[in-house]
Amino acid sequence: IGGQGHCHTVSSIMAAFVYPWQDILGLDMRYRGGFCFSPSNDRKVQESPENHQWLEFSLRPSMVAYTCDLYRQDGQPSKDLLTTPVKDTYQHSLYPHCKLMTFSGKKA
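Since we're looking at a predicted model, the values are computed, not measured. (Residues numbered from 1 in each chain as written. Predicted model: local features only at pLDDT ≥ 70, side-chain atom pairs only at ≥ 80, totals over all residues. Heavy atoms only, no water.)

### A short note on the sheet that holds strand β5 (residues 94-96)
This is how it is decided: Here, strands pair whenever DSSP counts at least two bridges between them. Every helix listed is a DSSP run of H or I at least four residues long, and every strand listed is a run of E at least two residues long, numbered separately from the N terminus. Any two residues whose heavy atoms approach within 4.5 Å at even a single point are treated as in contact. Angles shown run from 0 to 180 degrees and are taken between the N-to-C directions of axes, each axis being a line fitted to C-alpha atoms and, for helices, limited to the stretch in contact.
Strand order in the open sheet formed by five strands is β4-β3-β2-β1-β5, and the pairing between neighbours is antiparallel. The open sheet has two edge strands with one neighbour each: β4 (84-85) and β5. Two elements, strand β1 (residues 27-36) and strand β2 (residues 52-59), share eight bridges in a ladder whose sense is antiparallel. From the neighbouring strand, arginine 30 faces β2, where its bridge partner is glutamate 56. Across the sheet, helix α1 (residues 6-18) is in contact with β1 and β2; its angle to β2 comes to roughly 30 degrees.

### Here's the deal with α1
Heads up, the condition is: A helix's residues, less one, multiplied by 1.5 Å, set its expected span. Throughout this description, buried means an accessible area under 20% of the type-specific maximum (1.4 Å probe, protein chains only), exposed means over 50%, and partly exposed covers the range between. Think of it as the arc spanned by the lines of direction from the helix axis to the C-beta atoms.
Relative to the 18 Å expected for 13 residues at 1.5 Å per residue, α1 spans 18 Å between its end C-alpha atoms, a close match to the ideal helical length. Looking only at α1, the buried set comprises Cys7, Ser11, Ala15 and Val18. For α1, the buried positions fall inside an angular range of 70 degrees around the axis, keeping them on one side. Away from the buried face of α1 by more than 90 degrees, exposed residues Ala16 and Phe17 are located.

### Comments concerning unusual backbone geometry
Cis geometry marks the peptide bond from arginine 60 to proline 61, where omega comes out at 5 degrees. Positionally, proline 61 belongs in the loop between β2 and β3 (64-68). Here methionine 63, not a glycine, exhibits a phi torsion of approximately 65 degrees, which is positive. With respect to the helices, strands and loops of the structure, methionine 63 is situated in the loop between β2 and β3. Here methionine 63 falls in the partly exposed class, since its relative accessible area comes to 42%.

### Focus: the pattern of salt bridges
Convention followed: A pair is scored as a salt bridge if a Lys or Arg side-chain nitrogen falls within 4 Å of a carboxyl oxygen belonging to Asp or Glu.
Taken as a whole, this structure holds five salt bridges when the rule is applied. For arginine 60, the salt bridge is made with aspartate 28, and the minimal N-O distance between the two is 3.0 Å. Residue arginine 60 is located in the loop between β2 and β3, and its partner aspartate 28 is located in strand β1; the two are separated by 32 residues in the primary sequence. What makes aspartate 28 partly exposed here is its relative accessible area of 25%.

Structural data, given as structure tokens:
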């Protein structure tokens, strides 16, 4: 609806469940939107419109960062897309725009 798809739904619901517990779990979560590479777009990216949403989180105290892409993981035999290192994700499949989303007045 209005350009928002299933990836927005699943990432928003997961963010709503995890966000209140992130301090106890020892992670810093970010809700990301951006561009998904595919063979059909010849790996060209753009800032707008964003065509995909996912979660990014850093583990404390190491601050190693991962992405969690629930939409693209759906139906895959491996669970790799739930905890992919950001360096791999952003090099091979996703491009995050640099705007943090605002939820309840806080940037996430």
